[in-house]
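# Examination of the molecular architecture
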Protein chains: 4
Amino acid sequence: MERLKYGMVGGGPGAFIGAVHRAAIRLNNEADLVCGSFSSHADKRAELGAELGIDPARNYATFEEMAAAEGARADKIDWAVIVTPNVWHYPAAKAFLEQGIHVVCEKPLCVTAEQGRDLKRIADEHGCLFGVTYTYTGHVMSREARQLVRNGVIGEIRMVMGEYPQDWLLDVLETITEENKPWRADPKLSGRGAAVADLGTHIENWVSYVTGLKIEKLACNLDVFGQGGVLDNNVEALIKFKGGATGMYWTSQVAIGFDNALKIRVFGDKGTLEFVQEENNYLKVTLRGKPPQIYSRGAGYLTPEASKYVRVPTGHPEGLTEAFANIYKDFAAAVRDKKAGKAVNEEDYGYPTLQMGIDGVEFFNKCVDSSEAGATWVTLD
Amino acid sequence: MERLKYGMVGGGPGAFIGAVHRAAIRLNNEADLVCGSFSSHADKRAELGAELGIDPARNYATFEEMAAAEGARADKIDWAVIVTPNVWHYPAAKAFLEQGIHVVCEKPLCVTAEQGRDLKRIADEHGCLFGVTYTYTGHVMSREARQLVRNGVIGEIRMVMGEYPQDWLLDVLETITEENKPWRADPKLSGRGAAVADLGTHIENWVSYVTGLKIEKLACNLDVFGQGGVLDNNVEALIKFKGGATGMYWTSQVAIGFDNALKIRVFGDKGTLEFVQEENNYLKVTLRGKPPQIYSRGAGYLTPEASKYVRVPTGHPEGLTEAFANIYKDFAAAVRDKKAGKAVNEEDYGYPTLQMGIDGVEFFNKCVDSSEAGATWVTLD
Amino acid sequence: MERLKYGMVGGGPGAFIGAVHRAAIRLNNEADLVCGSFSSHADKRAELGAELGIDPARNYATFEEMAAAEGARADKIDWAVIVTPNVWHYPAAKAFLEQGIHVVCEKPLCVTAEQGRDLKRIADEHGCLFGVTYTYTGHVMSREARQLVRNGVIGEIRMVMGEYPQDWLLDVLETITEENKPWRADPKLSGRGAAVADLGTHIENWVSYVTGLKIEKLACNLDVFGQGGVLDNNVEALIKFKGGATGMYWTSQVAIGFDNALKIRVFGDKGTLEFVQEENNYLKVTLRGKPPQIYSRGAGYLTPEASKYVRVPTGHPEGLTEAFANIYKDFAAAVRDKKAGKAVNEEDYGYPTLQMGIDGVEFFNKCVDSSEAGATWVTLD
Amino acid sequence: MERLKYGMVGGGPGAFIGAVHRAAIRLNNEADLVCGSFSSHADKRAELGAELGIDPARNYATFEEMAAAEGARADKIDWAVIVTPNVWHYPAAKAFLEQGIHVVCEKPLCVTAEQGRDLKRIADEHGCLFGVTYTYTGHVMSREARQLVRNGVIGEIRMVMGEYPQDWLLDVLETITEENKPWRADPKLSGRGAAVADLGTHIENWVSYVTGLKIEKLACNLDVFGQGGVLDNNVEALIKFKGGATGMYWTSQVAIGFDNALKIRVFGDKGTLEFVQEENNYLKVTLRGKPPQIYSRGAGYLTPEASKYVRVPTGHPEGLTEAFANIYKDFAAAVRDKKAGKAVNEEDYGYPTLQMGIDGVEFFNKCVDSSEAGATWVTLD
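Presented here is a report on the structure given in the accompanying data block. The structure presented is a predicted model; accordingly, all values stated were derived computationally and were not measured.

Superposing chain B onto chain A takes a rotation of 180° combined with a translation of 0.0 Å along the rotation axis, leaving an RMSD of 0.0 Å. Such a combination of rotation and displacement between the chain copies is what one expects of a two-fold axis. A share of 100% of the interface residues of chain B reappears at the interface of chain A, consistent with the copies meeting face to face through the same patch.

And the structure:
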């Protein structure tokens, strides 16, 4: 099988998520990092490029330069990975799409839904694939949840309870100064939403990905706790889905005792699913009138649609990196089919699509709109 | 120590909660059931009276008769327990208070806040004590939670997440007919709210009891799922407390896989408390920057205010009956002090007060108001 | 239904277990405590007798006096409860049996298996019933486990893993003096075994009660940790059952972090059961090739043999007191049948029998024998 | 930093563990697989070599050929990874050591302790490093446990309870034929022990690695359940450590409901540690008289010795592959130091050493000895 090639925008020394993307792709062992625009600091990008074995000629200063140069090469990258602060997602993605280069972009996709729709238009124009790394859809048990819903196991969905508390911001809040703040806490780099964009979109996406439900309207309260806070760090929303289901979403960056506790419960009229990201090797499945069951990743009773992502046997934990790797496995499969001239419907491959990225941006902006209007109900387009 | 005497209104054969009240009082072994008005069916009340060893002369046909007769006796009961369907709480409580007889009443206290305020007026007039059996405040670890908040252990409270899912109604919904429905599903017996009144008030009360927070306003969505449904069976609310804390409450009677899963998390700026009713022998306490700790009922590190309610050593489970018994232990202490002529401030004894009962009725009515107005924000008085 | 009458030997002021027995019987509300020999201290027994409303004429100084006096009364007690330190179980039980009075006795039944067999002979001679309060067999989910095994749900049993760690002794060890030590740490009051007798017999009994397996031989290591220790406080045993199943039992009083953590796992060739006493409202049931299931006390899918013991609905916790109460409910049923002249096979009623008591004494003595011989294998009779 | 090079013996197509080793090394991104002897089937090794991009000239037919050829190259591999069935560990390791090539070998190290001591002699002679992939020592929280013990946090160790149940063999047992059996069930490939060697040594090693305790003697019962069974599939052992601590080890391949549930509890006189492999991101730490605490991988309160292995932030799960990768990270560090001419004490690097491998082989052979002698006590050398 031909090895694929990719480049990365962002993910410089010390950036957590860029390193995870690279590790995940290495885990799959079917694509190599051959170029990048890792940092605006020349020394930092040189350092990382050397560490990663990047040809200095392909270690670019800017994404514009990278897109132009790669677009012109015969052996150009198969896709670009974008892991910059949020505000640069749009221009960077655009630059690669316009060169006909496929894109994988971190969430939130961009800052406004308009940008997202623009990216969609450009991607369609240039026949480009586009994946959005909503990580948690990559877990085997997320795939199992999705398939169980599709198989009708839990029946018609009535309620969805989603939460995603963290507490890492507490310490950061106390040390933030105007000069020294993380980009996630800086509206100029992060956009209008902080927790709601960074974490809230994960809930919104996981629910949408697994259940297919579309939000009709929402009422959202954003809190800014702590003296150093500028953007929201606690988010509470009532949700009404098209078709009559309802739900509540909560996310926080100041919830003491919670590390990264995405937990989603989907209630149907025949059964309930519960997924907890920190225990990603399990899925709780309860059918009406029966005792709760703990499904284990890798077990023989999983659906084939989920089992095909299993890497190590049941009881041998997989984690975050495998979730990312599964998304890249899907994406690479689409890239290969595309290169082979096959018709590619991105929704068939399993990775979160550009449309899901747009939905996420729409979601968090509507949350901010609602909160600014007193947590009143706003309708989604 | 003088044994006390009480009577019961409601709680006839087959009524679950009346039996629990009697068992709890027996557990304390300081009061005897001497009279009752258990049922509107003569044969049923005769049967139960015989089983319980009630003097037939004090086995009354109606609460009016019981209140009048007991009020006239020299050896009258020390208190009346009211465990009827909701709509009769008010008239029954009123009847005893007007005879100067203390009252313990099931929640929700009554159907309208006006009724509640009226009861308060009458109780004050007649110098009567009044307890409301919000059961879950009776658990040792609820007392521990309250004391930890009072001791400042978790600092200033920022968020409160409360949930209380059940699934028992699912089967019932399918068999409901106009002639045959449980009183909880019948507005004529239950009042305007079902899940929100029966379960939602437990969340509201536990939070208020433990944290002292008062709700300023709320936005509430009530769902009626299933074809047999008349009243709400799924409740989702955004909460804003006076002083800036916020929260979300969810309760449901159609959440498959959940038995009676009251769970409340209180987040302060110094720590977090988590109480799960089904695991009532534990309390999760996390201080900022430290690992989560699992406090165990009966352990030596509990506060004295909680430890005094411990009945059996740590690791030997207590349950629902002990929670009720603790409330009755508190109430009996107040009754004894009252009989001894001491000044009694009901808030000092630990049992949920009439004011808390009124707050609960106010809460669920405002939830219904909000939902009827499209889940818009309503302010509490 | 006629109310029954019982008396108690031991259980004076401050004695934990006597109070639990009395509370459990009150919970059932079918028998009254009418006499006792609570303490060797005259003032203590007077104090408790007054508190419990015992006729001073039936508040006896010794169990010998009590047995003789009650045996001579027309309205004598239906049974005697024996909750003294271990060494007095045998003479006290004997005294009542010889008066034709049924007995309920705490575990371990007595100090030597010979004593136990003697009690059996006397009980048979006098037609007396005899229950042993191995508490944990009283939990609803222990009954469910037993019935599932009987129904063949887990197939033929291969392995049994039992453990019962506590840590309460640690503090006690440091304050023990020759003059001041708890009776459980005093061979003169407790017998040859401490943890092995107090806790080990609970494992042995639960396994025997639920599975019907009989121990063929065992190898047991007893440890005495801590400088104040005289008797064993940590017990480790390999077990071989008749028929080929094997297992391991561990119990400890010095296992930091464990309150009262009896946990037993029974592995068959079709499935596995796991019972954890501290979570007594649940039973984990896993069938081969299927996800683990969490059975909940009170749920509709329980066997009728277990469901009949359910007191409060699923999700409303029951605990230690209910477990005791269930045993007394069984015992009272046998007493009533006996009084009604029916043929009574004690094994049909559900309470742990005298034979189980004897088996427990045999078990712990063999453990001590094994340990004294260097933890070599010893065969049970 | 110079990239390192390694080769692999075994790990052909379909072999689970070889793929995990390669993935783990890719995750670290500091060494490349450049040669191998993956399979005795020419087509299989050709297929895998092509997939992995191995130069066909370095895709060897046998480990003997590979050792000789690599030993002769100027650019020879830095180490060989041995992931064959057990019986070939010894000759393969020997072949590379004799060429002066460092070795990483799967556990159990070999079949007899004599072989192990021979490897030690040869490794010392040739100045070779030797790591044994006892995977579970690689988890961050295993490192945390080790450091907490070293820091005296739990005091002097009294008891160790280790268990490692699986159930995968059940299905295999039913399909085993003389012609078709997994190598783990074939004494000719696996050696005298199956579960005891494959799983039991993991318990033995983790305990030794974390606590430093040495086993003085043991009594072990091996069961062969199921009709297809030849070797042990259930292991129960009593352990006495040098210095007075005791313990019990249990492992099984027929324990329905357990995937890969290594769980070890270490009890000291000041505290207790509990590690559960399937929840490898957590460590339960209980100090005497305090509530149990749940330590989370990545949290700020971890020891520096453990924190340095953290790859992704707390709450973002790491799993099996990271555990392997950590061992390889340690090993590569030692290799680099060795190449740089530094004195290398292998015990300082963190990876499990050859001596630990020998201890494991000694352990499982003594278990088999004991079982064959009727589960009597045998002393370790």
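Back to the write-up after that little detour.
Let's shift gears to helix H12 (residues 354-372) of chain C. Quick reminder: α-helices carry 3.6 residues per turn. Residues three or four places apart thus point the same way. In this model, H12(C) (19 residues) spans 27 Å end to end at C-alpha, consistent with the 27 Å of a helix rising 1.5 Å per residue. Backbone geometry just downstream of H12(C) places C:Gly374 in the positive-phi region, at approximately 85°.

Within the secondary structure layout, A:Arg26 lies in helix H1 (residues 16-28). Buried and unpaired, A:Arg26 has no salt bridge, with A:Glu51 as the nearest side chain of opposite charge at 7.7 Å.

Attention now moves to the sheet that holds strand S3 (residues 79-83) of chain D. Residues and elements named next belong to chain D. Sheet architecture is open: 5 strands sit in the order S2-S1-S3-S4-S5, paired in parallel fashion. What marks the edges here is a single partner per strand, and that holds for strand S2 (31-37) and strand S5 (130-132). Taking the axes of each pair of neighbouring strands and ignoring which way they run, one obtains an average angle of 20° across the sheet. One ladder, built from 5 bridges, connects strand S1 (residues 4-10) with S3; its direction is parallel.

All names here are of chain C. Compared with the 20 Å implied by 1.5 Å per residue over 14 residues, the 20 Å span of helix H5 (residues 113-126) between its first and last C-alpha is a close match. Ala113, Gln115, Gly116, Asp118, Leu119, Ile122 and Ala123 are the residues of H5 that are buried. Where H5 is buried, its residues contact helix H4 (89-97), strand S5 (130-132) and H12. Trailing H5 by a residue or two, Gly127 shows a phi angle of about 60°, which is positive.

All names here are of chain D. Of the pairings in the sheet, the one linking strand S12 (residues 282-287) to strand S13 (residues 293-296) comprises 4 bridges and is antiparallel in character. In the strand pairing of S13, Leu283 is matched with Tyr295. With antiparallel pairing between neighbouring strands as the criterion, S12 and S13 make up a hairpin whose turn holds 5 residues, including Gly289 at a positive phi of roughly 80°.

Right, let's talk about the interface of chain B and chain A for a bit. Facing the 46 residues of chain B at the interface are 46 residues of chain A. Taking both sides of the interface into account, the surface hidden between chain B and chain A amounts to around 3500 Å²; carbon and sulfur atoms contribute 59%. If you sort the residues of chain B by the area they bury against chain A, B:Arg158, B:Ile256 and B:Arg288 come out on top, with a joint share of 20%. Residues B:Arg288 and A:Asp171 are paired through a salt bridge, measuring 2.8 Å at the closest nitrogen-oxygen approach. Our enumeration of links across chain B and chain A arrives at 18 residue pairs in polar contact (both at pLDDT 80 or more). For the side of chain B that touches chain A, the secondary-structure elements that each account for two or more residues are strand S6 (157-165), helix H7 (169-175), strand S7 (215-223), strand S8 (234-241), strand S9 (246-252), strand S10 (263-268), strand S11 (271-276) and strand S12 (282-287) of chain B. In terms of residue count, the dominant contributor to the side of chain B that touches chain A is S9(B) (6 residues). Class assignment for the residues of the side of chain B that touches chain A results in 19 nonpolar, 14 polar and 13 charged.

So, how was this worked out
- Residues numbered from 1 in each chain as written.
- Chains lettered and ligands numbered in written order.
- Predicted model: local features only at pLDDT ≥ 70, side-chain atom pairs only at ≥ 80, totals over all residues.
- Heavy atoms only, no water.
- Least-squares fit on C-alpha atoms with pLDDT ≥ 70 in both.
- Contact = heavy atoms within 4.5 Å.
- Helix = DSSP H or I, 4+ residues; strand = E, 2+ residues; numbered from the N terminus.
- Expected span 1.5 Å × (residues − 1).
- Buried < 20%, exposed > 50% of the residue type's maximum accessible area, 1.4 Å probe, protein only.
- Lys, Arg positive; Asp, Glu negative; His and termini not counted.
- Salt bridge = Lys/Arg side-chain N within 4 Å of Asp/Glu carboxyl O.
- Pairing = 2+ DSSP bridges.
- Axes fitted to C-alpha atoms, helices over the stretch in contact; angles between N-to-C directions.
- Buried area = accessible area lost by both parts, 1.4 Å probe.
- Polar contact = N/O pair within 3.5 Å; in protein donor to acceptor, adjacent residues only side chain to side chain.
- Nonpolar A, V, L, I, M, F, W, Y, C, P; charged D, E, K, R; others polar.

By themselves these figures say nothing about function.
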